[in-house]
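If you want the building blocks of each chain, they are given just below.
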Amino acid sequence: MNTQYRKQLLAFLCAIDDSNEMAAALDILLTDKEHVDVDQRLQIFHLLEAQVPQREISATLGVGIATVTRGSKAMQTESYKKLAKKLAHSRNELWMRCW
């Protein structure tokens, strides 16, 4: 899926260097449900990294086991492996700001 609109989206997001602008961009691009889905996907990644069993994640987050399995499969891709450090860094950076 490398359409003209995907390329436009990537260029748009890459041009944003302010967290408030990025939040605004995500608000105009994603529905409330899509925001929830992304949030859950990030939670799934975090819990899987912490070795929490998939069935427990499913029950804790109130999502289907297939949703957790999709997250697990995504973590096995080269794309995830390339970005895992940035994801962990952003999680740690947020935690540090909150405390």
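Residues numbered from 1 in each chain as written. Predicted model: local features only at pLDDT ≥ 70, side-chain atom pairs only at ≥ 80, totals over all residues. Heavy atoms only, no water.

(A) Focus on the overall build of the chain. The helix and strand tally for the chain stands at six helices and zero strands. Listing the helices and strands of the chain from first to last along the sequence gives α-α-α-α-α-α. By its C-alpha atoms, the chain is 40 × 40 × 30 Å across when sized along the principal axes. Considering the chain as a whole, with its 99 residues, one finds that 18% of them fall into the buried category. Here the contacts in the chain between residues at least 6 apart in sequence split such that 32% fall between residues at least 24 apart. When the accessible surface of the chain is summed, it comes to about 7900 Å², and 58% of that surface belongs to carbon and sulfur atoms. (Helix = DSSP H or I, 4+ residues; strand = E, 2+ residues; numbered from the N terminus. Buried < 20%, exposed > 50% of the residue type's maximum accessible area, 1.4 Å probe, protein only. Contact = heavy atoms within 4.5 Å. Areas by Shrake-Rupley, 256 points an atom, 1.4 Å probe, with all protein chains shown as cover.)

(B) Region of the structure containing the confidence of the model for the chain. Summarising the model, the chain shows a mean pLDDT of 90, and 92% of its residues fall at 70 or more. Considering each helix and strand of the chain separately, the mean pLDDT is smallest for helix H6 (residues 78-98), with a value of 76, and largest for helix H4 (residues 54-61), with 98. (pLDDT = per-residue confidence, 0-100.)

(C) Representation of the side chain of Ser 72 in the model. Within the element layout of this structure, Ser 72 appears in helix H5 (residues 65-75). Judged by its relative accessible area of 15%, Ser 72 is buried. In contact with Ser 72, other than residues within four places in its own chain, are Leu 48 and Gln 54.

(D) View of the environment of Ile 57. Summarising the element assignment, Ile 57 is placed in helix H4. With relative accessibility at 0%, the residue Ile 57 sits in the buried group. Considering only alpha carbons, one finds Ile 57 and Val 68, 11 residues apart in sequence, at a separation of 7.2 Å. Discounting residues that sit within four places of it in the chain, Ile 57 has contacts with Ile 44, Leu 47, Leu 48, Val 52, Gly 62 and Val 68.

(E) The nonpolar core, seen in detail. With 12 residues, the main nonpolar core is built from Ile 44, Phe 45, Leu 48, Val 52, Ile 57, Leu 61, Val 63, Val 68, Ala 74, Met 75, Tyr 80 and Leu 87. Listed by contribution, the elements that provide at least two residues to this core are helix H3 (32-49), H4, H5 and H6. In contact with Val 68, other than residues within four places in its own chain, are Ile 44, Leu 48, Gln 54, Ile 57, Ser 58 and Val 63. (Core = buried A, V, L, I, M, F, W, Y, C linked by side-chain atoms within 4.5 Å.)

(F) Representation of a nonpolar patch on the surface. Together, Leu 9, Phe 12, Leu 26, Ile 28 and Leu 29 give the surface a local cluster of nonpolar side chains, amounting to about 420 Å² of exposed area. Mapped by element, the contributors of at least two residues to the nonpolar patch are helix H1 (4-14) and helix H2 (19-29). Among the elements that make up the nonpolar patch, the one with the highest residue count is H2 (three residues). Tracing the backbone through its elements, the reader meets Ile 28 in helix H2. (Patch = residues over 30% accessible without salt bridge, like charges linked within 9 Å, V, L, I, M, F, W, Y side chains within 5 Å. Salt bridge = Lys/Arg side-chain N within 4 Å of Asp/Glu carboxyl O.)

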